[in-house]
Amino acid sequence: MPELPEVENTRRYLIQAGLPGSTFTGADIGWPNALKTPPMEDFVLGLLETRVQEINRRGKYLLLPLDSGPRQPAATLILHLGMTGGLRVQPTGHAPHPMVRHTFWLNGERELRFIDHRKFAKMWLTDNLKDVMPPLGPDPLGEDFTPEALGWALNDRSAPIKALLLEQSIVAGMGNLYADESLFLSGINPMRQASGLSTGDLERLRECVVTAFSTALEAYDEAREAQWPDPPMGLHTWSIPRKDGEPCPRCGGPISGTRIRARGTYFCPECQR
DNA sequence: AGTACGTCCTGATCGC
DNA sequence: TGCGATCAGGACGTAC
C-alpha cells in the first residue's frame, strides 16, 4: 500500500539505480487498463528514444520529465503505484519478478520493470500535466504544509477527520495507514468532525503527520542501503497496532477497530477522545 | 458542494 | 477437508 514514504523511497531508489539519464528503447504494456492516456500505440511511440531527465514526486505520483531532443513538446511519464505497485531497474538478463505487468526497455541492456499484483497502478504520458493531474494539497515534506493550510481546508467540513486526511487535495501523499498513525500520535479521535478541530489540534496533527512520514522515510533509507539492489517495500513503520483489542502502546488499553468510509480504522479510545 | 458508497483487482483468510 | 464469502484499500464515478 504505497503511501508517501513508499513512493518517495521508490523515487530515491530509481535515482540511485541510475534511471535518470537512461533512454527508453521500447515498452511492453502487459495490462492495458493501467494506461490512462494516450492510447497504447501512441504511448509506446511517444516514449521511444526519450531520455529520463529526473524523477520527481507530487503526493503519490511519480513524475518523469522526458527529454525527446528536437522532438517537441517535451512529455512527462506519470506513474502511480496504486496499492501494490513497485518498480525495479534491472539488467535484461535478471529474472523478472512474477508480477511484472509492464516492461520498459532501457539503453545499456537494462529494464525498468513495473510490478503490480492487484492492478491498481496507473500510467500517463502527457505534455500537459494539468490535464491529467488531480488537484493536490500541500505535501507534508514541503514548506507549504502548515497548520493554517490544514485549517483552511478543513474549516467547513463536517466529515470525520480521518476521511478528509485521506483526500489528496487536502494532504498529498496521505494513505490509510499513516492517517491512523498521525491521528494516534496526535491524540485525535478519527471520527471527530474536521471542522471541530481547534488550532491546537491542527498544529499537533500537522506535526504528527510530518513525524509519521519522516520516521518511515528514515527506515526506508536505512533498509534501502542494507538490502541494495532490492528496494524495500511495505516496512512496518507505524506504532499503532492494526488489530482489534491489541494493547495501545501508550496506555495499554485495547485498540478499537472500526470502519470510516469503508477503510479499516484503528485507534485508542482512551488516548484519542 | 459535500458526503458516502460501489467499483476495480488478486490473494489471503475466514466461516460454515 | 473444502469451497465460497469476505477483506484489504487508492482513486474515481455515481448517487443523494
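Residues numbered from 1 in each chain as written. Chains lettered and ligands numbered in written order. Predicted model: local features only at pLDDT ≥ 70, side-chain atom pairs only at ≥ 80, totals over all residues. Heavy atoms only, no water.

**Structural notes on the protein's contact with DNA strand B**
All residues in the neighbourhood of DNA strand B are listed as Trp31, Asn33, Met99, His117, Arg118, Lys119, Phe120, Arg157, Ser158, Ala159, Pro160 and Arg261. Each atom of DNA strand B within 4 Å of the protein was classed as base or backbone; sugar and phosphate made up 76%. Within the backbone of Ala159, an N or O atom sits 3.0 Å from a phosphate oxygen of DNA strand B. Counted by class, the surface near DNA strand B contains 5 nonpolar, 3 polar and 4 charged residues. (Near = heavy atom within 4 Å. Polar contact = N/O pair within 3.5 Å; in protein donor to acceptor, adjacent residues only side chain to side chain. Nonpolar A, V, L, I, M, F, W, Y, C, P; charged D, E, K, R; others polar.)

**Topic: the protein's contact with DNA strand C**
Near DNA strand C the following residues occur: Lys60, Tyr61, His80, Met83, Arg118, Phe120, Gln168, Asn176, Arg242, Arg259, Arg263 and Gly264. In this structure, Asn176 approaches DNA strand C through a side-chain N or O atom, which is 3.2 Å from a phosphate oxygen. Residue Arg263 places a side-chain N or O atom 2.7 Å away from a base nitrogen belonging to DNA strand C. When the residues that make up the surface near DNA strand C are grouped by side-chain class, the tally is 3 nonpolar, 4 polar and 5 charged.

**A short note on the pattern of salt bridges**
Counted according to the given criterion, the structure contains 16 salt bridges. In this structure, Asp180 engages Arg242 in a salt bridge whose closest nitrogen and oxygen atoms are separated by 3.0 Å. Taken as a pair, Asp180 in helix α6 (residues 176-186) and Arg242 in the loop between α7 (199-226) and β11 (256-260) lie far apart in primary sequence, 62 residues in all. For Arg242, a relative accessible area of 23% translates into the label partly exposed. One continuous salt-bridge network, built from bridges that share partners, spans Glu8, Arg11, Arg12, Arg57, Asp139, Asp221 and Arg224. (Salt bridge = Lys/Arg side-chain N within 4 Å of Asp/Glu carboxyl O. Helix = DSSP H or I, 4+ residues; strand = E, 2+ residues; numbered from the N terminus. Buried < 20%, exposed > 50% of the residue type's maximum accessible area, 1.4 Å probe, protein only.)

**Observations regarding the packing of aromatic side chains**
Centre-to-centre distance and the angle between the planes together describe a pair of aromatic rings. This structure, assessed with the given rule, holds 5 aromatic pairs. Aromatic pair Phe24 and Phe104: ring centres 5.8 Å apart, planes at 55 degrees, arrangement tilted. Of the two residues, Phe24 sits in strand β1 (residues 24-29) while Phe104 sits in strand β8 (residues 100-106), which places them 80 residues apart along the sequence. Neither Phe24 nor Phe104 differs from the other in exposure class; each is buried. (Phe/Tyr/Trp six-rings, centres within 6.5 Å; stacked < 30°, edge-to-face > 60°.)

**Side note on the side chain of Ser182**
Locating Ser182 in the fold gives a position in helix α6. The buried category is assigned to Ser182, whose relative accessible area is 0%. Side-chain polar atoms of Ser182 contact the backbone oxygen of Tyr178, separated by 2.6 Å. If we skip the residues at most four places from it in the chain, Ser182 touches Met174, Leu205, Cys208, Val209 and Ala212. (Contact = heavy atoms within 4.5 Å.)

**Quick look at the state of the cysteines**
Structurally, a disulfide amounts to a covalent bond that connects the sulfur atoms of two cysteines. Scanning all chains against the criterion turns up 0 disulfides. For Cys251, which is in no disulfide, the shortest distance to another cysteine sulfur is to Cys268 and amounts to 3.6 Å. Free of any disulfide, Cys268 has its nearest cysteine sulfur in Cys271, 3.6 Å distant. (Disulfide = S-S within 2.5 Å.)

**Comments concerning the packing of α6 against α7**
Two numbers describe how α6 lies on α7: the axes approach to 8 Å, and their chain directions differ by 125 degrees. On the basis of their axis angle, the class for α6 and α7 is oblique. Regarding α6 and α7, the two cross each other, and that crossing is right-handed. Where α6 abuts α7, its residues Tyr178, Glu181, Ser182, Leu183, Leu185 and Ser186 lie against Arg204, Leu205, Cys208, Val209, Thr211, Ala212, Phe213, Ala216 and Tyr220. (Axes fitted to C-alpha atoms, helices over the stretch in contact; angles between N-to-C directions. Parallel < 35°, antiparallel > 145°, perpendicular 65-115°, else oblique. Left-handed = near helix turned anticlockwise from the far one by under 90°.)

**A few points about the nonpolar core**
Leu150, Leu154, Ile161, Leu165, Met174, Tyr178 and Leu205 are the most contacted members of the largest nonpolar core, which has 35 residues in total. Those elements that place two or more of their residues in this core are α4 (147-154), α5 (161-165), α6 and α7. Ignoring any residue separated from it by four or fewer positions in sequence, one finds Ile161 in contact with Leu154, Leu183, Ile188, Asn189, Pro190, Arg192, Ala194, Leu197 and Leu205. Of all hydrophobic cores here, the second largest spans 29 residues; its members include Ala27, Ile29, Leu62 and Leu77. (Core = buried A, V, L, I, M, F, W, Y, C linked by side-chain atoms within 4.5 Å.)

**Overview of the environment of Pro2**
Checked against the element boundaries, Pro2 lands in the segment before α1 (4-16). When the C-alpha atoms of Pro2 and Lys60 are compared, they prove to be 7.7 Å apart, with 58 residues separating the residues in sequence. Discounting chain neighbours no more than four positions away, the residues touching Pro2 are Val7, Lys60, Leu81, Gly82, Met83, Thr84, Gly85 and Met233.

**A word on the domain arrangement of chain A**
In many analyses, interface size is given as the accessible surface area lost on bringing the parts together. Looking at chain A, the domain boundaries give domain 1 (4-131) and domain 2 (147-267). For domain 1 and domain 2, the distance between their C-alpha centres works out to 29 Å. Domain 1 puts 16 residues into the contact, and the matching count from domain 2 is 18 residues. Regarding the contact of domain 1 and domain 2, the summed buried area is about 1,500 Å², with carbon and sulfur atoms giving 61% of it. It is Pro5, Glu6 and Asn9 in domain 1 that bury the most area against domain 2; as a group they hold 35% of the surface buried on that side. The tally of links between domain 1 and domain 2 comes to 1 salt bridge. Between Arg12 and Asp221 there is a salt bridge, with the nearest N and O atoms lying 2.9 Å from each other. The tally of links between domain 1 and domain 2 comes to 9 residue pairs in polar contact (both at pLDDT 80 or more). Of all the elements, α1 adds the most residues to the side of domain 1 that touches domain 2, at 9 residues. Here the residues of the side of domain 1 that touches domain 2 are counted per class, giving 6 nonpolar, 5 polar and 5 charged. (Domains from an automatic or database assignment. Buried area = accessible area lost by both parts, 1.4 Å probe.)

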